Amino acid sequence: MNKILATVLGVGAAATIGTAIVLSQGGADIELNGLTPNDSSFQDPIEVSQDDALTIVSFNIRDFAGRNRTLEDFQEMARLLDGADILVFQEMGAKAFKKSGENDDLTARLVAATEVFKSYLGDEWEFVFADEATPAELGKAAEIPCMGYRSTRGDVTISAVWSGYYDLGEARDMGTFTVNCSKGAAQETFTLGSVHTKYSCPERGYELLKVADYIVSHENDNYILLGDFNWGYYSTCTNKYDGEERLTELHDDGTVFQPFHTISFTGKGGDDDFRTNLDQRSSSQMYDQFFICKNYADQMAAGGSLGEDCGFVSFSTNTYFESRMDDVVREQINGVKAYMRTKGFKSSDPETKAAVAATEEEILTSYLTVDKASNKLSDHKPIWMRIDLFD
């Protein structure tokens, strides 16, 4: 596994879990605050900022076609995301766009989903969609960028409009929104770029290099790029981790600030690594990322601190997600019992008990159990960052 670590002024800065590395933002690293990957604080919902800082959340919500989630699922997601001021979703409409014919029903479901979120998050929330999905030819890989924002919080007001796509290649482009924030007479406008790369190589590398091109060509502009970069996804291609390495170079030379730089890595991670995929997965991955323009690099609310300026929500270790996994097990066990009844066995018969025990053991050790439960919330953790634009 190739750890990505900072090099500042030619001196390598080695980071280990729980070690604080504080140099300066805009080319360096956040402080880890002694936090380890399994710290219980990561299970907590995102908190509302105690000052005028804005909390920005990115959430790969997983195959969101607006069909299967219950109101209880929406309520739990809203509970986890309640502290957000700006919320950006990936995978809205994923695996549901038709290649031909109308997608009006899907669009209506997606809009309805944001209305459900609004009912839990509050009436001050507004949601904006892209004017069309990406890629334009639709089909299985297509999704539509979507962002929500709290129109007012304290003395700060927020508004946003769809801006268009930045070309990342054939698979899927970066959706951009223009966000305007104001506090009294002071105003700040920036571009919010929503990224969801193809996970497989070599395409992921090409797309990340395109993201790097955006950063270089907009070096003096205000922007925050976020989403599921599939950062470090195990690669067997000749271009390996070209995209990640190029973005790391831009962080190291101060062109852009990557908040999760210290805890990001390429290849398959282990138990001592942070992750944004679910904790029940066999290997850890730091898929989801923020990239902040250098103009904002020094404006993270607490000066650069994991758990205070940025972090993620480990919902898969919470009671709610575990209960959804229990539902999956219960559903399949009930299916076994029903099957045994068709063979003339009662639930109390030894044959049924043996079949149930064998099935339960198989279910609990299968990744498919987590996979199915993750469709209720996601197979990615929401990530968040906090920035004070008016400090």
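Read on for an overview of the structure. Predicted model, so just to flag it, every value in this text is computed and none were measured.

**Considering the environment of Leu377**
Note on placement: Leu377 falls in the loop between helix H7 (367–374) and strand E17 (383–387). Placed 144 residues apart in sequence, Leu377 and Tyr233 show a C-alpha to C-alpha distance of 22 Å. With residues up to four places along the chain from it excluded, the contact list for Leu377 reads Phe59, Ile61, Arg69, Asp73, Glu76, Met77, Phe315, Tyr320 and Phe321.

**Some remarks on the pairing of strand E9 (residues 156–166)**
The pairing of strand E8 (residues 152–153) with E9 spans two bridges and is classified as antiparallel. Residue Thr152 lies in a different strand from E9, and its bridge partner there is Thr157. The antiparallel hairpin formed by E8 and E9 contains two residues in its connecting segment, where Gly154 sits at a positive phi of about 65°.

**Observations regarding helix H1 (residues 71–81)**
Taken together, the buried positions of H1 are Asp73, Phe74, Glu76, Met77, Ala78, Leu80 and Leu81. Check the buried side of H1 and you find it contacts strand E4 (54–64), strand E5 (86–92), helix H2 (104–121) and helix H5 (319–342).

**Observations concerning empty space enclosed by the protein**
Rolled over the atoms, a probe as big as a water molecule pinpoints where empty space is left. Counting across every chain of the model gives one cavity of 30 Å³ or more. For the largest cavity, the calculated volume is near 50 Å³. Taken together, Phe89, Gln90, Thr134, Glu143, Pro145, Arg172, Asp173, Ser194, Val195 and His196 make up the lining of the largest cavity. Sort the elements by how many residues they give to the lining of the largest cavity and strand E11 (residues 186–196) lands first, with three residues.

**Examining the sheet that holds strand E7 (residues 146–150)**
An order of E6-E7-E5-E4-E17-E16 is seen for the six strands of this open sheet, with the pairing classed as mixed. Bordering the open sheet on either side are strand E6 (125–129) and strand E16 (310–312), each of which pairs with just one other strand. The average angle at which neighbouring strand axes cross in this sheet is 20°, direction not considered. Where E4 meets E17, five bridges bridge the pair, whose relative direction is antiparallel.

**Details of the sheet that holds E11**
In spatial order, the strands read E8-E9-E10-E11-E12-E15-E13; together these seven strands make up an open sheet with mixed pairing. Of all strands in the sheet, those with a lone pairing partner are E8 and strand E13 (256–257), marking the two edges. Two elements, strand E10 (residues 174–183) and E11, share nine bridges in a ladder whose sense is antiparallel. Across the sheet, Ser182 pairs through a bridge with Gln187, a residue of E11. The sheet contacts of helix H3 (residues 203–217) involve E9, E10, E11, strand E12 (223–228), E13 and strand E15 (288–293), and relative to E12 the element is tilted by about 170°.

**Looking at the pattern of salt bridges**
One pass over the full model with this rule turns up 21 salt bridges. Each member of the salt-bridge network shares a partner with another, and the members are Arg62, Asp63, Lys95, Arg281, Asp371 and Asp379.

The rules behind each value
- Residues numbered from 1 in each chain as written.
- Predicted model: local features only at pLDDT ≥ 70, side-chain atom pairs only at ≥ 80, totals over all residues.
- Heavy atoms only, no water.
- Helix = DSSP H or I, 4+ residues; strand = E, 2+ residues; numbered from the N terminus.
- Contact = heavy atoms within 4.5 Å.
- Pairing = 2+ DSSP bridges.
- Buried < 20%, exposed > 50% of the residue type's maximum accessible area, 1.4 Å probe, protein only.
- 1 Å grid on protein atoms, 1.4 Å probe; cavity = no way out; pocket = protein on both sides within 12 Å on 5 of 7 lines; lining within 4 Å.
- Points joined across faces, edges and corners; volume = space filled by probe spheres on them.
- Axes fitted to C-alpha atoms, helices over the stretch in contact; angles between N-to-C directions.
- Salt bridge = Lys/Arg side-chain N within 4 Å of Asp/Glu carboxyl O.

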